[in-house]
Amino acid sequence: MKKIEAIIQPFKLEEVKEALKSIGIDGMTITEVRGHGRQKGHKEVYRGQEYNVDLLPKVKIEMVIPVSREEEVIRTLSAAARTGNIGDGKIFTYDVAEAIRIRNEDRGESAL
Amino acid sequence: MSQKPSGSATKTVASPRSSPGLIQQEFVASGNAAAAIASRSALVDELVIEAYQSCLAATFPHGIAVLAVGGFGRSELFPHSDVDVLLLVDKEIQGDSRREALSAFLRTLWDQGLRVSQSVRTVGECCQLDSTNVELSMSLLDERFLAGDRALYEVLKQKLPRFLQSQRHPLIKHLCDMTRSRHAKFHGTIFHLEPNIKETPGGMRDLHLVHWLSILRGVEDESLQPLSAAREFLSSLRCKLHYKVGRDNNLLSFGVQEEMAPDPAVWMREYYRHARAIHQTAVRHMDLAEGLMEGSLVKQFRDWRSRLSNSDFTVTRERVYFRTPQNLVVDPELVLRLFEFVARHGVRPALDTERRMSEHLSRLAAHFAISRPLWPAIRRILAQPHAALAVRTMHESGVLLALFPEWQGIESLVVRDFYHRYTVDEHTIVTIEAIEDLRTSKDPARRRFADLLGEIDDLPLVYTALLFHDTGKSEGMKDHATMSARLAEAVLARVQMPDEEARKVQFLIANHLAISVVMNARDLSDPATARELSTKVFTHENLKWLTILTYADVSAVNPEAMTPWRLEQLWRTYVVTHHELTRELDTDRIAPAQGEAAGLDFVAGFPTRYLLTHSAADVDRHVELSELSKVAGVAVDVVRLQGTYQVTVVTTDRPKLFAALAGALSSFGMNIVKAEAFANNKGTVLDTFTFADPMRTLELNPMEIDRLKLTLQRVALGKEDVKKLLKGRSRPVQRLLQMQPSVSFDSEASQSSTLVEIVAQDRPGLLYDLASTLSEASCNIDVVLIDTEAQKALDVFYVTADGAKLTADCQASLREALLNVCCN
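In this text, all values refer to a predicted model and were calculated from it rather than measured experimentally.

Attention now moves to the interface of chain A and chain B. Each partner contributes residues to the interface: chain A has 16 residues there, and chain B has 17 residues. Contributing elements (two or more residues each) for the side of chain A that touches chain B: strand E2 (29–35) and strand E3 (42–46) of chain A. Among the elements that take part in the side of chain A that touches chain B, E3 of chain A stands out by supplying three residues, more than any other. Among the residues making up the side of chain A that touches chain B, the classes are represented as five nonpolar, six polar and five charged.

Structure (structure tokens):
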């Protein structure tokens, strides 16, 4: 099993959710987060005063999927989240040791 | 211990033993909650008595008594309530065998599935106020003897009333404090979509509060009589909740609501009706109980407050009373003055006042159903610092509904999703509270919204928009904004709000979701996003109003809804749209073909925004003026608006014209608050100034208007020297600078000119000085947008020098000169 963690632009959330749904991925955790990558925010001018926008609002999506679907999910996710601009976000993948459904203690991929 | 001890039981069991399962069956069959609660109490009584006999009686032939306290003491054990037991002892328990007996007693009860919370106290300890455990004293209000040493219990029975009497003030105070902080935790409202029926205002705890305060004050227990229907409703509900979840669960979740009735939304309205009755009684009891014990300092403050009284109202004990309630019959609008008073001083109407009003509700409704000029009175309510309290108390007393029957559809209306916490009516009131809270917010992320709020000069219109922004939800959720705006249209016409203001309110309601949509689902770094929003909001002013409206709307969804994340998104949306609106002024011009198509040669070359921000009537008037100016070279028109004047000048452009006109107005002592200047393709300019007349010169001397017009004409034609006009006027008294002025240049914003944005503290003549400075530096002013908000001047000029953007050198010297002017 793999855990996929993606940081994306907030306005892309619906599109990404739809795309994942269309390939049969329904379960995910979504968090509203703020942060910055290499772009390190930017300065904005309002009424002549500069202020730093150093923590940009982003959305974090997390999901755990069978290894066999990893590439497909990554492809779908990045295609849906891409605008081609700085700030589109990143995808990280992790190995998952075990998954347990709390209700009935199902284990492994059947718990996903 | 298997043998039954022979000690005398206080109760003998004749009928076959009941059981939790049996009690549940009976409840399911009969729905009788009172019986279920009493049966469980009786059953637990037996279990405790038996446990006493088998574990304690032998070891403690005397010196210990078992008492039921709290809910158990009241014989009100819900299916999974804790069982509060007090072990009254004559002295501290010592010795292993005694300790072991005690733990065997508790173990026996635990093994029978009871969740026991026990305390062990001597009579002395019971009759002592422990500030860290006042709950113990409170639980003793409901004590009941179960088993053990009766003589010991009699000692307590004798001492307890004296103790409670002597300590009743601290106990009342503690109870009230505890209740108020519990209410505050739930925002003081009964209207939660998923209420905790024990803890939320209007829940079980409030019933207990009424019960305890009645005992402490020695009055009849209202939790029994007038509230019996509400008590039965809550009791039955709580039994069902406990049985459903199998533990002490008091959360009335959406899932449970669904099971309660075919139409949960209708059923919830019944819940809110009962909760409101309980809540109101609880609040009244706290008021009465606290009145009983107030000290001299509080009295002094109240006396001072009572000086607020006027010819219509008196203030006693922080509550407003009608001086002559009978007047309601002949003067229904007295209630509007009452709520203006409430909104001004932040003092609630007394319960008596609410009762009087409720007696007249149908009369009020009939009076307000007819179109009358009520808007000024409503505006006065909404303009006060405690407007939200007024709206809340209007709602509680039923007056709001009498005034605006359009609210009927959202009364206690439930929005069934996991995002909204409140019913629609409550949400609406919380939006207004959110704005009031914003004013005093210290949070830096909120401060910038507070600054925006400070720049809104007509808050009552925003509040009015908020009052009706969701009324359309009663018609189903689809496009409720449009529906709400339509409902509001009828209301605003009925209260005879001036057309211009009504249009504004309807605009705000119809577009109240525009910003939310963008901040949640659009790419803010894509210029198209700001462009799209700017075509919806048209002006900086509208953008500000909608931003504040959105702030309030999101904040009032639930207490945690306005996260730092959303604050940032909302602010970014505001800023990119603000920039877009400023940029468009110069870049997007009305093409000649467009102007001609509209039959308006005159407007070709004006910013596109001109057509969006001016009504057809405005445009017609401007075209008329341009025709006039062709003959005389200039045309001037002055109209009086609400509290201000507006002068429009159409003439041929020439250097320093804008500065000269601004100067001429200043020479009359006028204070310019807004200005616009555009030039069309043929070099004709349209300058509009909105100004205040602080000395009331024009009002007191109508002839001066003609002289002002004439002067402006002569200045426009270059026949009068502004410097001479201004010489006679003394400089205004220097005030301390409250804000640092800022001057910024942007050469990217427009294709052809440089944008100069100046923010400074306003003063008379500032615009003239700034415009002259620009003119003297040989800059040509193309477009001007001037605004003044709460002592702050926000001036935007698009300027060119020799037909091109300003050079860096030129910008540096201009900046210095402009800053100099701001500080003078």
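And the narrative resumes.
As a further point, take the pairing of strand E3 (residues 116–122) of chain B. It is a general feature of regular strands that their side chains alternate between the two faces of the sheet. Residue and element names in this part refer to chain B. Alignment of strand E2 (residues 83–89) against E3, held across seven bridges, turns out to be parallel. The residue of E3 that forms the bridge with Val-83 is Val-116. Taking the sense of rotation as the criterion, the β-α-β connection linking E2, helix H4 (residues 96–111) and E3 turns out right-handed.

Residues and elements named next belong to chain B. For helix H21 (residues 424–439), built from 16 residues, the straight-helix expectation of 22 Å at 1.5 Å per residue is met to within 8% by its first-to-last C-alpha distance of 24 Å. In terms of burial, H21 is a largely internal element, 12 of the 16 residues being buried. Considered for burial, the residues of H21 that qualify are Val-424, Asp-425, Glu-426, His-427, Thr-428, Ile-429, Val-430, Thr-431, Ile-432, Ala-434, Ile-435 and Leu-438. The elements touched by buried residues of H21 are helix H19 (387–397), helix H22 (444–454), helix H23 (459–468) and helix H28 (540–555).

Our focus in this paragraph is the packing of helix H8 (residues 168–185) of chain B against helix H9 (residues 204–217) of chain B. Residues and elements named next belong to chain B. Running from amino to carboxyl end, H8 crosses H9 at an angle of 165°, the nearest separation of the two axes being 11 Å. Here H8 lies roughly antiparallel to H9, going by the angle between them. Crossing hand, H8 versus H9: left-handed. Taken together, the residues of H9 that come into contact with H8 (itself represented by Arg-168, Leu-171, Ile-172, Leu-175, Thr-179 and Arg-182) are Arg-205, Leu-209, Trp-212, Leu-213 and Leu-216. Considering only residue class, the contact of H8 with H9 consists of seven nonpolar, one polar and three charged.

The next subject is the confidence of the model for chain A. Taken residue by residue, chain A gives an average pLDDT of 87. The fraction at 70 or more is 86%. In the model of chain A, strand E4 (residues 49–53) of chain A stands out as the element of lowest mean pLDDT, 65, in contrast to strand E1 (residues 2–8) of chain A, which has the highest, 95.

This next bit is on unusual backbone geometry. Excluding glycine, a negative phi dihedral is what most residues carry, and trans is how most peptide bonds are arranged. Residues and elements named next belong to chain B. The residue His-187 is not glycine, and still its phi comes out positive at about 60°. Mapped onto the secondary structure, His-187 falls in the loop between H8 and H9. Here the phi dihedral of Arg-696 falls at roughly 55°; this positive angle occurs in a residue that is not glycine. By secondary structure assignment, the location of Arg-696 is in the loop between strand E11 (684–692) and helix H34 (697–700). Given 10 C-beta atoms within 10 Å, Arg-696 falls into the exposed group.

Calculation notes
Residues numbered from 1 in each chain as written. Chains lettered and ligands numbered in written order. Predicted model: local features only at pLDDT ≥ 70, side-chain atom pairs only at ≥ 80, totals over all residues. Contact = placed C-beta atoms within 7 Å. Helix = DSSP H or I, 4+ residues; strand = E, 2+ residues; numbered from the N terminus. Nonpolar A, V, L, I, M, F, W, Y, C, P; charged D, E, K, R; others polar. Pairing = 2+ DSSP bridges. Right-handed = clockwise from strand over helix to strand, strands pointing away. Expected span 1.5 Å × (residues − 1). Buried ≥ 20, exposed ≤ 12 C-beta atoms within 10 Å, placed from the backbone. Axes fitted to C-alpha atoms, helices over the stretch in contact; angles between N-to-C directions. Parallel < 35°, antiparallel > 145°, perpendicular 65-115°, else oblique. Left-handed = near helix turned anticlockwise from the far one by under 90°. pLDDT = per-residue confidence, 0-100.

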